[in-house]
Every structure is written in C-alpha cells, then in structure tokens.
Amino acid sequence: MNASAKAQARPVTAAVSLPIEGMTCASCVGRVEAALAKVEGVAQVSVNLATERADIRLAAPVDRMTLIAAVEKTGYDVPASTTELAIEGMTCASCVGRVEKVLQAVPGVAEVNVNLATERATVRGVAGVDALIAAVDRAGYDARAIEAAAQAGDDEALAKKDAERAELQRDLGIAAVLALPVFILEMGSHMIPAMHHWVSHTLGTQTSWIIQFVLTTLVLLFPGRRFYAKGFPALFRLAPDMNSLVAVGTSAAYAYSVVATFLPGALPAGTVNVYYEAAAVIVALILLGRFLEARAKGRTSQAIQRLVGLQAKVAHMVRDGRTVDIPIGEVALGDVVEVRPGERVPVDGEVIEGQSYVDESMITGEPIPVWKSAGSAAVGGTVNQKGALSLRATAVGSQTVLAQIIRLVEQAQGSKLPIQAVVDKVTLWFVPAVMAAALATFLIWLAFGPSPALIFALVNAVAVLIIACPCAMGLATPTSIMVGTGRGAEMGVLFRKGEALQLLKDARVVAVDKTGTLTEGRPALTDLEVAEGFERAGVLARVAAVESRSEHPIARAIVEAAEQEGITLPALDAFESVTGMGVRATAGGQRVEVGADRYMRSLGLDVDTFAVSAERLGSEGKSPLYAAIDGRLAAILAVADPIKPSTPAAIAALHALGLKVAMITGDNERTARAIAAQLGIDEVVAEVLPEGKVQAIQRLKAAHGVLAFVGDGINDAPALAEADVGLAIGTGTDVAMEAADVVLMSGNLQGVPNAIALSKATIGNIHQNLFWAFAYNTALIPLAAGALYPAYGVLLSPIFAAGAMAMSSVFVLGNALRLRRFQPPLAADARA
C-alpha cells in the first residue's frame, strides 16, 4: 500500500514535526518521505527542502525516536534543539536532581540543566516536548514548554508567581492564627506554672487536648495540605523530597498525639502526651520560610524584570504623512518612527531627522547622554532627552539589542556552574539519607533512651526530619548567579556563559587586542604644531582641503578633524599626487604641499625646526607628516589611532588586581611597543595574523595560567574562542560577540576589571552560601538527633528545628541579594 492509500485508510490522530539536516535536492526529499512513510502508524508525510522540516501526520501513536531512527537510516540527521520548560513544584535541591534524572532518561536527550531559582529546565537533544513533559509529570512535578524571552510568557509567569506568593501569604496567615492558640495552650502549660494551673482547673487537660486536636487538624488539612499532597506520593515513588520530610515528621507527631488523646491505653505507661503544637507550629514556620523565600526569589529576578520594563509598549509610526500610535510588536523593518522628548526609543534604528542627546546607560552602564543626529544609530529602550527624533527601524522584536541582552541574561541566570555539579550529586541522596538518619535516631532512642523512651525517640526523629531540608543547598548557587549576572547586566557586563563567571575570578593574565580595544579603532588627528607666523585654523583648513581629494584613512582623519572644529575648507585647484612623496594643490589661492620629511627636503625646506616634536612623535609610535604653504614650512602633524581615555585607568585597575596584561596585535612592532610603554603593559606580541594570536594565547596560558582575552574584531574571534574566558567589546562585531563568553556593552576596557571583580564577588558569595548550607546541616542533624543529651542534657525541639530550617533558606537568599549592591571598582567613563 502506498503512502496516499495509507492516508485514506487511517484516521489522522496526531502530528509530529522534525527538522532535517543534510538534504540538498528533491531526491533527498523523496528518500526521507519514503523512509518515514514506511514507519508503522504514519499516515502522511510532507518534507520541505526549503524549511528543512518533515511534517508527519500519525494514524496511531508512534515513538518520536522511531521516526528519527528512520530518518538517520537514510543518511540524514535530525539536529539537536534546545527546549525550555517551566517546572512547578520543586522545593529543594533533591527535586532538582530528580527532575534532571528523569529528563536525562528520556530517549534522545543529550544534556539537561535544571535550575531551582529560575524554576526552569533547559533540555538539549532530539526528544519531543510531550515526552519531556510526561517524564516530569511522572516524577510528580508539573511542566510546560516556554518560548525563550517571550513577553507574553514572562507576563504569565510573573502573574503566576504573584498568585503563588499571595496563596502562601494567605495560608501562612491561616496557619499562624490556628497554631498560636495550640502553642500557647501546650507550651504555656509546660513553661508557665500559672498557665498550667489555669488550664487544668478551667478547661481540663482532656478538653485542652481536644481543642488542640481540632485546631491542628485544620492546620494540616488546609494550609498544610500542600506538604502531604506532594510529600507522600514522592515517598511512595521512593523519591522523597523536602515535602516528604515535613509530611512524615508532622504526621508522626500528629498521629501520636491523636492516639494519646483518644486511645491513651494503647500507649505504654508514662508516655501519654501530645505534640500537636509541634505539628501545627512546624507547618506555620515552614510556610513562613517558603513565603520569605518566594519574596526573595522574586527580587533575584528583578534585573530581568527591569530590562523587560525598558521595552517601549507603543511606537509613533509615520504613515501617509501623519503619525499614528501602534503596538511595538507591529513595527516592521524599515518603518519610520518618531521619538518625542522624554520617551524611550521603541526599536533599534538609524536617525534620519532631528538632533538630541540620548541616555544609553541601560545598555552601556555609562551615565552621560550621547549626542544623536542624522546617521546616528539609536538603541531600543534608551531614553531620548530634549530633542525630537525620527528614525528608521533597523531591528525589531527579538532582534533588537535589548531583546538580545535579555536573552543573554536569561541564559546566564539559568546556567549551571561546575561547582553546582558536586552539590547536585550530594543533594540527590541527601533526603533519603536524612530519612535513614531519622529512622536510626528513632530506633537508637527507643532502644537505649531514658524513660519514656518512645517520647524521646519520636521527638528527636521528628527534629532530624524537619531540620535537614536541603532547600538552602539547592538555592545557594543559582540565586547568587541570578543576582550576580543581573547586577552585571546593569553595569554593562553580560555573561553569555555561566562557566565564565566561575573561571574569570581565576584569571592570571589578561591579553588585549590593540585596535578598537585599547584604542578608538579609527585614525584621528592627534598632533598639529604650526611654525611661527602661521595660524592653526588656517593651516588645518588648507591641509584638509588638499587631503579631501584622497580616500586614504590618514587623509580622512585630517578632514574629519577640520569638520569637527567647524572649519570651512577653501576652494581647491590643481590637485596632484607626488608618488612616494605626498600630495600638493592650490587651496584658497595658496600652494600647499603635504608629505613626509623627504618630500620637504626635496622642496628645499629644513624640517629640523620640528626636530624635538618629530622625536617625541616617533617615541609614541607615530609617523609625522609635514605641511608647506607657499614654499614655507608651516606645520608638523601626526595621525594615529588614539588611546581611549578610559584605557590607562583600566590597565592600572587590572594591575591592582594582581594581573599581568599582555597586548596581542597585528600592528607594527614599533607602534605596539610605544603604546605598551605609555600604558605600562607587561608583554607585547606584535605583527601577528589571527592564527598567530591563537598561538600567542596558547603560549601565555602555558606560562601564566588562566587567561582572559579582550577583543572586538572579526579577526579576534579565534582568539576569543581559544582563551579560557573571551571578553568582547560590545561596540565590536557580532562575530566577536558570538565567540565571546562575556560581552562588555560599554565599549571600553574598564568593563574588564569590573567583570573580574564581579566574578570574585559572586563566586565568593556562592562559597559563603554553600558553607552555610552544608555546615548548618552537618552541625544540626547530630544536635537534632540528641548528640548533646548524654553530656549536657540538651535536646532540640522540633519547633526550633522548623524555625532554623526556614531561616537557613532565607539566610542564603538574603546573602545572595547583597550582590545587588555590588559596586564596580571603576565607574563607567562616558568619554570612552
């Protein structure tokens, strides 16, 4: 039966779409279609060569991997893709490990990264979204596919988080109101003799216990039901999590108390007592910790929210000569939009009319507004100051600089550092180990504890279960990454890869490209000294007029200098290029010759007048030019690629951090060494091609250790990739930024010491969090088990255990949030 007959014979039930790599012609399409049509359950196949996709209609369920295997047998590939899933229900590090484990087991999955702080899973491979969601569902969590940086998704996710926080706050309030009387009735009777006397003589012990039973039952049934609804199913799947610890611990205390209240004869003599207050207060305290945690988590993602908030919602579009307001999503490439004073620029574009200063601090981190006029580039999200601008859209939607920044920050915040891998391995087995420790505690106290042994065994086992929740461990790393990378984005430092955040702090040498990194990247007139009897503006006007006929970079730099100073160029006549010497012409009625010293000598002019200046320029790596007007030596001038004003301070800051600085450049040796001498650079590698830069980096890495390379050009891409950490100047090329691990949006070198300092601060913060989380659990589990009781008679109440557990997560989150106040060692220099 052929494919068309199959299509008629079977009802269509589902559709699958597969990307296909390697197809080059119609026969490839035919082969793929034929192979897929043979798979049992396939009703229809349509393969498109242009889109390189196969759309498959199924008449019966077919495993996606079966379809992929059929494609691969024909010699073509189904490329791996990245899927983002929002995961709901994760509460601790063991949840992260469990979700990663089930996703990794899905056929076709190559790589999985689950982040507790962002509550997202990033899955790379060929597995279908439905299979991934089903796997997460089987593990006891909820998942949904999300579009990267989709605004609607962000709004929906934020609304959901707000609803969750409101629900937690409501449940916390109910639990607190119900648990407080239980705590007062029971603990008050134990701690205050007068209270005990009042309860026994007015309510009576049994009535007091029944009141506590009713109130505690309400706490567990309503505010506390979340722990049981998730904890027990996870336990039955032999995959216990934090909810399981709370569910087992509170249920044990509650069940024992119920027996003591209604069936006291079932308990050994001397063991009849109730622990309703433990169950009720534990639920209230853990809900308090969850609520504080949710609020703190919300603050960790504020950097992304602020960036999203910078996007304009409406654009003023010019249509048929009049202005109409349209949603930002409807702006297309080439559309002309107006930006009024005080408004945000809606999209990336080129100014075609108007002049104004624009505040670009949200992109570059630099506070001083930048002048914009016709021909200037404007970035969406920046703030127009006082003038009105019209601009033509050059990038819209997800292609704008701001959208790319948001995407980079999201990727960095969701990334997993190498240090996290160790944490994940430990925490995956932590909850089962805690449950085993609690069981051991119960049995040891029951066998060897003082009378009433059952009471001691129960209380201490519950304390162990409650205190050992690994929430703090799971949050220690991702929250610091989220806050650190978010703070970096505000400073104009974008970490494209999480690994760079960990590696950068270990850098021992920073290698930099010269052109465009240390220097402005374009020739400029740096020196102009006139002879006696001549006036600067007049000399520059005539020299620029002569050079305006040439397209040489040096000539263009001289002309631009005159234009920037507002000098009007005189009329030009009889222009002539003298081979190997220079140029000459008549400008403003005067004969003008411009060239090297040998040209001046050929004209019979003595250049020794400028000998001191020429020597200085030579030591700076500049080649001097001379100008003669009407047969008299008029001026010495030099054109060079000037050092950025921000560079010296940046080099000094790198040295202050104890780093060596090396320059790797394709420029000539003399110029490179002159610039290195001015800046105090430690090592120079000059006159190298792109592959030579890679070799130089390999040598420097072998000699010094971890190396960071800073560059901005296409020719820097191989070196950026070869370095341990590649940093691209954000004003450089897209190719360089793609090859880099870190992007410096400010366009100057000062971002490098700032990035290194932020890396040190963030990793230091992670180490503090991990120390607290692990040290806390290591120290308090034995204490909860009663290790101090034989020597000191000290036991840890389950209520204090619950409070300590809740506060540990809050401490970790609070510590991570300190990174929001991180101050860079160098403030951004707007003149860069």
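Residues numbered from 1 in each chain as written. Predicted model: local features only at pLDDT ≥ 70, side-chain atom pairs only at ≥ 80, totals over all residues. Heavy atoms only, no water.

Here's the deal with the overall build of the protein
Looking only at helices and strands, the protein features 32 helices and 29 strands. Counting only residues that meet the buried cut, the protein has 52% of its 832 residues in that class. Restricting to contacts in the protein with at least 6 residues of sequence separation, those with at least 24 account for 69%. Accessible surface, the protein as shown: approximately 35,700 Å² in total, 58% of it carbon and sulfur. (Helix = DSSP H or I, 4+ residues; strand = E, 2+ residues; numbered from the N terminus. Buried < 20%, exposed > 50% of the residue type's maximum accessible area, 1.4 Å probe, protein only. Contact = heavy atoms within 4.5 Å. Areas by Shrake-Rupley, 256 points an atom, 1.4 Å probe, with all protein chains shown as cover.)

A look at helix 25 (residues 647-656)
Taken as a whole, helix 25 has its buried residues at T647, A650, I651, A653 and L654. End-on, the buried residues of helix 25 take up no more than an arc of 160 degrees, which puts them together on one face. Turning to helix 25, the residues buried within the fold contact strand 18 (509-512), helix 20 (514-518), strand 25 (660-664), helix 26 (669-679) and helix 30 (751-785). Backbone geometry just downstream of helix 25 places G658 in the positive-phi region, at approximately 80 degrees. (Arc of directions from axis to C-beta.)

Focus on the sheet that holds strand 6 (residues 120-125)
If you walk across this open sheet you meet the four strands as 5-6-4-7, and the pairing is antiparallel. Two strands close off the open sheet at either side, each with one partner strand: strand 5 (109-115) and strand 7 (142-146). Neighbour-to-neighbour, the strand axes of the sheet open up by a mean angle of 25 degrees, direction not taken into account. Looking at chain direction, strand 5 and strand 6 are connected through six bridges and run antiparallel. Within the sheet, the bridge partner assigned to E111 lies in strand 6 and is R124. The sheet strands contacting helix 4 (residues 93-104) are strand 4 (81-88), strand 5 and strand 6, and the helix crosses strand 5 at an angle near 165 degrees. Docked against the sheet, helix 5 (residues 129-138) engages strand 4, strand 5, strand 6 and strand 7, running at close to 155 degrees with respect to strand 7. (Pairing = 2+ DSSP bridges. Axes fitted to C-alpha atoms, helices over the stretch in contact; angles between N-to-C directions.)

Let's talk about the packing of aromatic side chains
For the structure shown, the criterion picks out 12 aromatic pairs. Consider the rings of Y357 and W371, whose centres lie 5.0 Å apart with planes at 65 degrees: the pair is edge-to-face. One end of the pair, Y357, is in strand 12 (residues 356-359); the other, W371, is in strand 13 (residues 370-372), and 14 residues separate them in sequence. Measuring from ring centre to ring centre gives 5.4 Å for W445 and Y789, while their planes differ by 65 degrees; the resulting arrangement is edge-to-face. With W445 in helix 16 (residues 430-448) and Y789 in helix 31 (residues 789-792), the pair connects residues that are 344 residues apart, well separated along the chain. The class for W445 is buried, based on a relative accessible area of 9%. Taking the relative accessible area as the measure of exposure, Y789 reaches 25% and is therefore partly exposed. Following the ring pairs from residue to residue traces out a cluster consisting of F213, Y254, F262 and Y276. (Phe/Tyr/Trp six-rings, centres within 6.5 Å; stacked < 30°, edge-to-face > 60°.)

Here we look at the pattern of salt bridges
Scanning the model with the defined rule gives 14 salt bridges in all. When the shortest N-O distance is used, the salt bridge between R226 and E167 registers 3.8 Å. With R226 in helix 9 (residues 225-236) and E167 in helix 6 (residues 151-191), the pair connects residues that are 59 residues apart, well separated along the chain. The shortest N-O distance in the salt bridge between K505 and D506 comes to 2.8 Å. Overall, K505 belongs to the partly exposed group, its relative accessible area being 22%. Bridged by salt links that share partners, the residues E167, R170, D171 and R226 form one connected network. (Salt bridge = Lys/Arg side-chain N within 4 Å of Asp/Glu carboxyl O.)

What to know about the sheet that holds strand 19 (residues 524-530)
The strand order 19-24-23-22-21-20 describes an open sheet built from six strands, whose pairing is antiparallel. A strand with exactly one partner marks an edge of an open sheet, and here the two such strands are strand 19 and strand 20 (572-578). Averaged over neighbouring strand pairs, the angle between their axes works out to 20 degrees when direction is ignored. Where strand 20 meets strand 21 (residues 582-587), five bridges bridge the pair, whose relative direction is antiparallel. Each residue of the ladder has a partner; that of V578, found in strand 21, is G582. Against the sheet, helix 24 (residues 611-619) touches strand 19, strand 23 (624-629) and strand 24 (632-640), its axis set at about 10 degrees to strand 24.

Here we look at the environment of E72
Structurally, the position occupied by E72 is in helix 3 (residues 64-73). Residue classification places E72 among the partly exposed positions, given a relative accessible area of 44%. Separated by 52 residues in the primary sequence, E72 and I20 place their C-alpha atoms 9.4 Å from one another.

Some thoughts on the packing of helix 16 against helix 30
At a minimum axis separation of 10 Å, helix 16 and helix 30 run at an interaxial angle of 25 degrees. Here helix 16 is positioned roughly parallel relative to helix 30, judged by the angle of their axes. The two elements helix 16 and helix 30 meet at a crossing, and its hand is right-handed. Where helix 16 abuts helix 30, its residues F430, V434, T441 and W445 lie against N777, I781 and A785. (Parallel < 35°, antiparallel > 145°, perpendicular 65-115°, else oblique. Left-handed = near helix turned anticlockwise from the far one by under 90°.)

Digging into the pairing of strand 22 (residues 590-595)
The sheet contact formed by strand 21 and strand 22 spans six bridges and is antiparallel. Within the sheet, the bridge partner assigned to V583 lies in strand 22 and is V594. Connecting the antiparallel pair strand 21 and strand 22 is a turn made up of two residues, with G588 showing a positive phi of about 60 degrees. Sheet analysis places strand 22 next to strand 23, joined by four bridges and oriented antiparallel. Across the sheet, V594 pairs through a bridge with A627, a residue of strand 23.

Concerning the side chain of T217
Structurally, T217 is set in helix 8 (residues 205-221). Note on T217: relative accessible area 18%, which makes it buried. A polar side-chain atom of T217 sits 2.6 Å from a polar atom in the side chain of Y254. (Polar contact = N/O pair within 3.5 Å; in protein donor to acceptor, adjacent residues only side chain to side chain.)

Let's talk about the confidence of the model for the protein
Counting all residues, the mean pLDDT for the protein is 82, and 88% of those residues have values of 70 or more. Overall, residues 1-12 carries pLDDT values under 50, and its contacts beyond four positions in sequence, including any with other chains, amount to 22 contacts. Confidence drops under a pLDDT of 50 for residues 828-832, and excluding neighbours within four residues, the segment shows 18 contacts in the predicted structure. (pLDDT = per-residue confidence, 0-100.)

A closer look at the environment of T66
Relative to the elements of secondary structure, T66 occurs in helix 3. Sequence-wise, T66 and V39 are 27 residues apart; in three dimensions their C-alpha atoms are separated by 7.8 Å.

Here we look at a nonpolar patch on the surface
A contiguous nonpolar patch, built from I210, V214, L218, L221, F222, F262 and L263 and spanning about 630 Å² of accessible area, is present on the exposed surface. Ranked by residue count, the leading element in the nonpolar patch is helix 8, at four residues. Tracing the backbone shows I210 in helix 8. In this structure I210 comes out as partly exposed when scored by relative accessible area, which is 36%. (Patch = residues over 30% accessible without salt bridge, like charges linked within 9 Å, V, L, I, M, F, W, Y side chains within 5 Å.)

Quick word on unusual backbone geometry
Following S451, the chain continues to P452 via a peptide bond in cis, the omega torsion being -5 degrees. Mapped onto the fold, P452 is located in the loop between helix 16 and helix 17 (453-467). For A574, which is not glycine, the phi dihedral falls at a positive 55 degrees. Turning to its location among the elements, A574 is positioned in strand 20. Using a relative accessible area of 52% as the deciding quantity, one classes A574 as exposed.

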